[in-house]
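Listed below, chain by chain, are the residues.
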Amino acid sequence: MSKNITPYKDSTLGKKEQVAQMFDAISTNYDGLNRVISFGTDVEWRKKVLAIVKKKNPTTILDIATGTGDLALLMSEIEATKIIGIDISAGMLDVGRKKIAQKNLSNRIEMILGDSENMPFEDNFFDAITVAFGVRNFETLEKGLIEILRVLKPNGVFVILETSVPEKFPFKQGYNFYSKNILPVIGKLFSKDNSAYAYLSESANAFPYGEKLNNILRNIGFTNVESYPQTFGVATIYSATK
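Residues numbered from 1 in each chain as written. Predicted model: local features only at pLDDT ≥ 70, side-chain atom pairs only at ≥ 80, totals over all residues. Heavy atoms only, no water.

**Side note on the side chain of D87**
Phase 1: Here D87 is to be found in strand β2 (residues 82–87).
Phase 2: At 9.7 Å, R97 is the nearest oppositely charged side chain to D87, a buried residue that forms no salt bridge.
Phase 3: Only 2.8 Å separates the side chain of D87 from the backbone nitrogen of G67, close enough to count as a polar contact.
Phase 4: In this structure the side chain of D87 is engaged in a polar contact, spanning 2.8 Å, whose partner is the backbone nitrogen of S89.
Phase 5: The residues contacting D87, other than those within four sequence positions of it, are A65, T66, G67, L93, I112, L113 and G114. (Helix = DSSP H or I, 4+ residues; strand = E, 2+ residues; numbered from the N terminus. Buried < 20%, exposed > 50% of the residue type's maximum accessible area, 1.4 Å probe, protein only. Lys, Arg positive; Asp, Glu negative; His and termini not counted. Salt bridge = Lys/Arg side-chain N within 4 Å of Asp/Glu carboxyl O. Polar contact = N/O pair within 3.5 Å; in protein donor to acceptor, adjacent residues only side chain to side chain. Contact = heavy atoms within 4.5 Å.)

So this is what it looks like as structure tokens:
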């Protein structure tokens, strides 16, 4: 994906800093907007990620780009001894910590501020790693994936949930119209950051989804790479092992 796709076209900050700034700005509205934008289907997609991870019976789980912790919270259904969510947005993490506290899960889920491309974990540390709608926000995709491979244990599972673009008529045409015309308008109506949802739409369209991402994962060193398109192809779940 092109590095030129950033949230704020006139900013002198790097992509990483811009993404953190953007998510800080939309953090309080993010969960509600996600439900509206995806018509609630993102909840079902996350449940499918949980099902893949659950099969591995992991004891240590890392959720990268955890945001407000939706997926990390879902992972609490697994009897893991350690669940960590990492994100570069302090605002998103603040919302996530409140959600975790409300469910009395602060003793099981730890939320930390950190860079997914330079993580403070030892090699071969986690049994399972997940990323939901986060890999397209990496400043350097390959660097982030290499870092994930480093901290994943041998035979550990890595699962990505990410937007993709439908390829069949009429879903492709409908998706293009929705993402270019409707999504930015919804973002402007509900968010104080007018650029955020235009960026999310643009970055989703430019991301190397499907077999392109499968091949990137294989080239990085992941094995058993598989992809599962969701809801006519508007999102895709990727599963890989080390």
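Further notes follow.
**So, the environment of S106**
Phase 1: Here S106 shows up in the loop between α5 (90–102) and β3 (109–113).
Phase 2: Among the residues examined, S106 registers a relative accessible area of 48% and is labelled partly exposed.
Phase 3: For S106, the residues in contact, after removing those within four places along its chain, are I100 and A101.

**Looking at the nonpolar core**
The nonpolar side chains of a soluble globular protein tend to be buried with one another.
Phase 1: L62, I148, F158 and F222 are the most contacted members of the largest nonpolar core, which has 29 residues in total.
Phase 2: Going through the elements one at a time, β1 (60–64), β2, β4 (126–132), α6 (141–151), β5 (152–163), α9 (211–220) and β7 (235–241) are the ones with two or more residues in this core.
Phase 3: Among the elements that line this core, the one with the most residues is α6, at five residues.
Phase 4: Core analysis: the second largest hydrophobic core is formed by 27 residues, I52, L105, M111 and V159 among them. (Core = buried A, V, L, I, M, F, W, Y, C linked by side-chain atoms within 4.5 Å.)

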